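Analysis of the macromolecular model
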Amino acid sequence: GKSAVRWVRTHAERLGIDPDRIAAGGGSAGGHVAACTAVLESWDEPGEPTSVSAVPNALVLFNPALALADYPGMTPRPDERINSLPERCGTDPRNISPAHHVRPGQPPTVIFFGTDDDLLDGARYFDRQMHEAGNRCELLTYEGHKHGFFNFGRNGNGPFIETLAAADHFLISLGYTSGE
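This write-up is about the structure you can find in this document. No experiment lies behind these values; they were computed from the predicted model shown.

1. Quick notes on the pattern of salt bridges
- Per the counting criterion, the structure on display carries 7 salt bridges.
- A salt bridge links Arg21 to Asp18; its shortest N-O distance comes to 3.3 Å.
- Judged by relative accessible area, Arg21 falls into the partly exposed class, the value being 38%.
- Its salt-bridge partner being Asp121, residue Arg124 comes within 3.6 Å of it at the nearest N-O pair. Of this pair, Arg124 and Asp121 both sit in helix H6 (residues 120-132), 3 residues apart, which is roughly one turn of the helix.

This is how it looks when you write it as structure tokens:
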């Protein structure tokens, strides 16, 4: 993810984009990767030109995994997926847990979640961390929806259209785009 942001920033002129208005986004694991580009200070690919920032200027996240380690107030989940994280990640999950690396100056962020998504509590913790650090973060929830509710073809496409419109409004508020 960090390499992708660097590549886009390095090739901004050729791509016809502003290198200072790059938004990273994704859903679920892709949202986790996008969030990591913004908050993790390590994990650069060896040989990368670290003089080029790998931090996006904004984040648009759809039900990402944001808290991969214990946090205050966390509801314990004796779940094999959670218990196997250290082995699956190849590191202590805290090392790649965006919520555990929030600090002042992080990019403005919008996050979309269904209220019936198991990852929502971690997103709420991330949201609190962002606000406590003085960062802009908007956590938008959609009542009664599960993980991936916004994907094209689900739920009559209503949430697909609604979340994309909200993402557009967020980007408009940053001056990244304009129009209806």
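2. Overview of the pairing of strand S4 (residues 137-142)
- Here strand S3 (residues 109-114) pairs with S4 via 6 bridges, running parallel. Paired with Thr109 across the two strands is Cys137, which belongs to S4.
- After leaving S3, the chain enters H6 and then returns to the sheet as S4, a path that is right-handed.

Cut-offs applied
- Residues numbered from 1 in each chain as written.
- Predicted model: local features only at pLDDT ≥ 70, side-chain atom pairs only at ≥ 80, totals over all residues.
- Heavy atoms only, no water.
- Salt bridge = Lys/Arg side-chain N within 4 Å of Asp/Glu carboxyl O.
- Buried < 20%, exposed > 50% of the residue type's maximum accessible area, 1.4 Å probe, protein only.
- Helix = DSSP H or I, 4+ residues; strand = E, 2+ residues; numbered from the N terminus.
- Pairing = 2+ DSSP bridges.
- Right-handed = clockwise from strand over helix to strand, strands pointing away.

Keep in mind these numbers describe shape, not what the thing actually does.
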